[in-house]
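Each chain, written out:
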Amino acid sequence: MSDKWFTVGKLVNTHGIRGDVKMLPLTDFPDVRFASGSKLTLHDPQSSATATVEVVSAREQKGMYVVKLKGYDNINEVERFKGWDVKVKETELAPLEEGEYYYHEIVGCRVMTEEGEELGAISEVLAPGANHVWVVDRPKGKQVLLPVIDDVVLGVNVKDKLVTVRLMEGLI
């Protein structure tokens, strides 16, 4: 059985000369993912190369995380990881509260209004501020940006990949 991998970040650059790296978090749980002792697997998007690393320390800096990896103490040792994806196995996903979903569970869901009109499919999850926004690609017309709030999202059925929504004035 092959393991299923989920992207939780991207290693975007080196930081300083002591082997620290800058990671862009692509997770709702950066404090868990980049915690001291956390194990991550780096995947080269250009090849099948991987590297398993352990976080020594991390600090948030301007929306990124500056991460110290165990055993990497020099910029030359981490330079090759620039642009690599940061992933965890499905078995390492953090448990969610009821009503919470992983990005991979939401992307691809069909969106229906409470009246039964199909709007399209969710293509992306944005986290601009107070609440997430689901981007719905419509077969015709421009994208719909759905705020993920109780007034709009009436139901989520991950198994059937279906989201039911109530459209508020001005959304379409």
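Residues numbered from 1 in each chain as written. Predicted model: local features only at pLDDT ≥ 70, side-chain atom pairs only at ≥ 80, totals over all residues. Heavy atoms only, no water.

Colleague: Before we move on, could you go through the sheet that holds strand β6 (residues 85-89) and cite the residues and values that matter?
Modeller: By way of backbone hydrogen bonds, the strands of a sheet pair with one another, either parallel or antiparallel. Taken together, 6 strands build a closed barrel; the order of strands is β1-β2-β5-β4-β3-β6 and the barrel is antiparallel. For this sheet, the mean inter-axis angle between neighbouring strands, taken without regard to orientation, is 50 degrees. By the bridge criterion, 5 bridges tie strand β1 (residues 5-15) to β6 in an arrangement that is antiparallel. Looking across to β6, one finds that F6 is bridged to V88. (Pairing = 2+ DSSP bridges. Helix = DSSP H or I, 4+ residues; strand = E, 2+ residues; numbered from the N terminus. Axes fitted to C-alpha atoms, helices over the stretch in contact; angles between N-to-C directions.)

Colleague: So what's going on with unusual backbone geometry? Residues and values would help.
Modeller: In the Ramachandran plot, K62 falls in the positive-phi region, its phi being about 55 degrees despite a non-glycine side chain. Residue K161 is not a glycine yet carries a positive backbone phi of 55 degrees. Following the sequence through the fold, K161 ends up in the loop between β11 (153-157) and β12 (162-165). The class of K161 is partly exposed, set by a relative accessible area of 28%. (Buried < 20%, exposed > 50% of the residue type's maximum accessible area, 1.4 Å probe, protein only.)

Colleague: Any chance you could break down the nonpolar core for me, citing the residues and the numbers?
Modeller: Residues M23, L40, L42, V67 and F81 are the most contacted members of the largest nonpolar core, which totals 24 residues. Those elements giving two or more residues to this core turn out to be β1, β2 (20-25), β3 (39-43), β4 (50-61), β5 (64-69) and β6. Beyond its immediate stretch of four places on either side in the chain, L42 contacts L11, M23, A49, T50, A51, V53, F81, W84, D85 and V86. Judged by nonpolar contacts, the second largest core, of 15 residues, contains I106, V125, W134 and L146. (Core = buried A, V, L, I, M, F, W, Y, C linked by side-chain atoms within 4.5 Å. Contact = heavy atoms within 4.5 Å.)

Colleague: For the pairing of β2, give the residues involved together with the corresponding values.
Modeller: With 6 bridges connecting them, β1 and β2 associate as antiparallel partners. Across the sheet, residue L11 finds its bridge partner in β2, namely M23. Where β1 folds back onto β2 in an antiparallel hairpin, the turn is made up of 4 residues, including G16, whose phi is positive at roughly 75 degrees. The sheet contact formed by β2 and β5 spans 3 bridges and is antiparallel.

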